[in-house]
Structures are given as structure tokens and as C-alpha cells.
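This is what each chain is made of:
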Amino acid sequence: MKDILIASHGHMASGIQSSIEILTGMGDSIKVIDAYVDQTDYVPKINEFIKEAKRPAVIFTDLLGGSVNQKVTLAAAKEKDIFIVTQTNLAVIMSVLLDGEELTKEHLQELIAQSQVQLVELESSSEDDQDDFFD
Amino acid sequence: MIAQLRVDDRLIHGQVALVWTKELDTPGIVVANDNAAENEMVQMTLKMATPTGKKLLIRSVDDAIKVFNNPKAGNMRIFALTNCVADALKIAKNVKDIDGINVANVGRFTKDADNATQISSTLMLSDDELAALKELVELDVPVFHQVVPSNAKTSIASMLKNI
């Protein structure tokens, strides 16, 4: 299990945690920071995660260029084996959380590529083939 | 062989597509459902929910039983899904090679909640479904309740004791 932190403006981070709990039952294994919902400075929580997380660890932020991502980057960019991923969605966090392989930069890039936002277009269903299925 | 037969009223969805197919390591998914086998719109959404690299067959319950009993199925780990206990019972009676039956999510969105028996937070059973479940636990195959892999497996027989 990889150590994961999600940091967002507002409740997106804890909202994703709630979705992950429903989908996988593993919501508790993720740390979250909901920034700016009150006056508390959240930077100490970022530092605490960096200090305690097993490596490799991943920090997901909501928005490239947002202040949350900037603070995370300032705190973690020089840390060895902490990856920062931004423009986060539910799919990418779940694929990292459930993935069993060793987390390298290359592998993380694959997981990100498989988890992109996409337009839903239904393809007319061709007859599925039982022989194909057992191949 | 069927690595798991799951009863889930949502058939393929997030818990199933992403979590269970990984956990069970099943290259093939078979949806055994009469409505889905006839409804092209349902088929398209089920295909959309199928993870990359997994193969999907959508069959009526009777046709799915033929697929499971195909000699080729003996060499393939299959994740089978029905949306009700009655369909799972029919499969369990007609297919030998089943590792376990997971009665996971049933009837929670039923319109007739007054006449349903709740045996867990995700299982609301009509009288017919409850009767089917009681019959299912008498068969020679493990029957359990486990919504996501991180939940403990609970035996359905033990859950029915107080019903």
C-alpha cells in the first residue's frame, strides 16, 4: 500500500476520500487536506505527511498553478521518492491506490495516462463472440 | 471455472470493474442477465464499465450456464455477475465449477421496501429473493457477503440465522 495524500481547495480531497471509501473500503488509508475551509494553515499538515510517509509516496493536488499545488511543490519537490500529481481525478487516485506494482515514475505515468477525463461515446454493440472470449 | 459468482444489482460498476477484477485476477467477465442480453443500451453501458484488457460476455441466464459449462471455461478464471439471488441460484444448480458466491448488493433501491427483509446494509431481500437465498446456502458451494475486498467475508448462513 502506497502512502497517499490528497490536497485540494475546499472539500474535494475529503469528497474523493468518501468516494474511495464507498468504492474500495480503503478511504481511511488516505490522508487528506481540505485547504481554506477555515483559517488554519495547512502547510504543517503537508510537512507532517512528508515526514511520516513511507517511500515511494504520492501527493495528489487539485489544480496545476493553484496555491495548494504550489505549497505542496515547495514542500515536497526536493524530497526523494515523493511524486506530486496534479489535475487530479478519482480514477487516477484509485489506480495508484489499487496498483500492485512498484511505483516508478514511468509506471506512474502509465497509470495517469489510463485515467484521463474523456468524452463518453457509446459504440453500437457488435455481436460479442464466445470464441473470442475464450481465446 | 467461475472464480466468483457475484450478486450485484448494479452488475458491472466501480466496485466491480476496478476493485474486484484486480483482486480476483479474472480475465473474463460474464454478465448473466436476461434484460441485459436483450437491451442494447444496457449492453453498451456494461461494455463501457468493463476495464481495459478484460473480456466481457453478456448472456441470458440460460445461455450463460451453457458458457460456464463449455469445456473451454475450465481453463479460464471467470468473474460471473447476476443482479438477483434467483439467477445466481439457477446458475449454482446447473454449474459445478464455482469457487464461491458473493451476495454483495441486492435490492437496496427497491420500491417495495415495506415487504423486504434487510439482512445487511446492502442486502434488502423480497420474499422470493430470501427464499432463493435460503436455498442457495444449502448447496455445496461457499456463499458469503463481501462488498469490497477490504471487508471481512461473512457467511450468508450465519446472517440468515436470525431471520
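Residues numbered from 1 in each chain as written. Chains lettered and ligands numbered in written order. Predicted model: local features only at pLDDT ≥ 70, side-chain atom pairs only at ≥ 80, totals over all residues.

As recorded by an unreviewed UniProt entry, chain B carries the name PTS family ascorbate porter, IIB component and is attributed to Lactobacillus pasteurii DSM 23907 = CRBIP 24.76. The UniProt entry for chain B carries this comment under Subcellular location (unreviewed entry): "Cytoplasm". (UniProt positions renumbered as here; feature names shortened; annotations may be inferred.)

Chain A is annotated in an unreviewed UniProt entry as PTS system fructose IIA component from Lactobacillus pasteurii DSM 23907 = CRBIP 24.76.

1. Some words on the UniProt feature "domain: PTS EIIB type-4" (unreviewed entry) in chain B
The positions UniProt marks with the feature "domain: PTS EIIB type-4" (unreviewed entry) are residues 1-163 of chain B. Along residues 1-163 of chain B one finds 37% helix and 24% strand; the C-alpha atoms at either end are 32 Å apart. (Helix = DSSP H or I, 4+ residues; strand = E, 2+ residues; numbered from the N terminus.)

2. Examining the sheet that holds strand β4 (residues 82-85) of chain A
Residues and elements named next belong to chain A. Strand order in the open sheet made by the four strands is β2-β1-β3-β4, with parallel pairing throughout. The sheet terminates laterally at β2 (30-35) and β4, the two strands that pair on one side only. Pairs of neighbouring strands in the sheet enclose a mean axial angle of 15 degrees, with direction left out of account. Packing of helix α2 (residues 43-52) onto the sheet brings it into contact with β1 (3-9), β2 and β4, and relative to β2 it is tilted by some 165 degrees. (Pairing = 2+ DSSP bridges. Axes fitted to C-alpha atoms, helices over the stretch in contact; angles between N-to-C directions. Contact = placed C-beta atoms within 7 Å.)

3. What about the interface of chain A and chain B?
Facing the 14 residues of chain A at the interface are 22 residues of chain B. Taken together, the elements giving at least two residues each to the side of chain A that touches chain B come down to α1 (12-24), α4 (90-98) and α6 (130-134) of chain A. The element best represented in the side of chain A that touches chain B is α6 of chain A, accounting for three residues. In the side of chain A that touches chain B, the residues fall into seven nonpolar, five polar and two charged. (Nonpolar A, V, L, I, M, F, W, Y, C, P; charged D, E, K, R; others polar.)

4. Points about the environment of Asp 34 of chain A
Here Asp 34 of chain A shows up in strand β2. Residues in contact with Asp 34 of chain A, not counting those within four places in the same chain, are Ser 8, Gly 10, His 11, Ala 13 and Ser 14 of chain A.

5. What to know about the sheet that holds strand β5 (residues 101-105) of chain B
Residue and element names in this part refer to chain B. Across the sheet, seven strands lie side by side as β3-β2-β4-β1-β5-β8-β9; this open sheet has mixed pairing. In the strand order of this sheet, the two ends are held by β3 (55-59) and β9 (154-155), each with one partner. One ladder, built from two bridges, connects strand β8 (residues 143-145) with β9; its direction is antiparallel. Bridging from a neighbouring strand, Phe 144 pairs with Ser 155 of β9.

6. A word on helix α4 (residues 61-69) of chain B
Among the residues of α4 of chain B, Ala 64, Val 67 and Phe 68 of chain B are the ones counted as buried. Relative to the axis of α4 of chain B, the buried residues are bounded by an arc of 95 degrees and lie together on one face. Each element contacted by the buried residues of α4 of chain B is listed here: α6 of chain A together with β1 (2-8), β2 (28-32), β3 and α5 (85-94) of chain B. (Buried ≥ 20, exposed ≤ 12 C-beta atoms within 10 Å, placed from the backbone. Arc of directions from axis to C-beta.)

7. Concerning the pairing of β5 of chain B
Residues and elements named next belong to chain B. Counting buried positions along β5 gives five out of five residues, so the element sits mostly inside the fold. Two strands pair when backbone bridges link them, and β1 and β5 are joined in this way by four bridges, in the parallel orientation. Across the sheet, Val 7 pairs through a bridge with Val 103, a residue of β5. When β5 meets β8, the two strands line up parallel, connected through two bridges. Bridge pairing links Ile 101 to Val 143 in β8.

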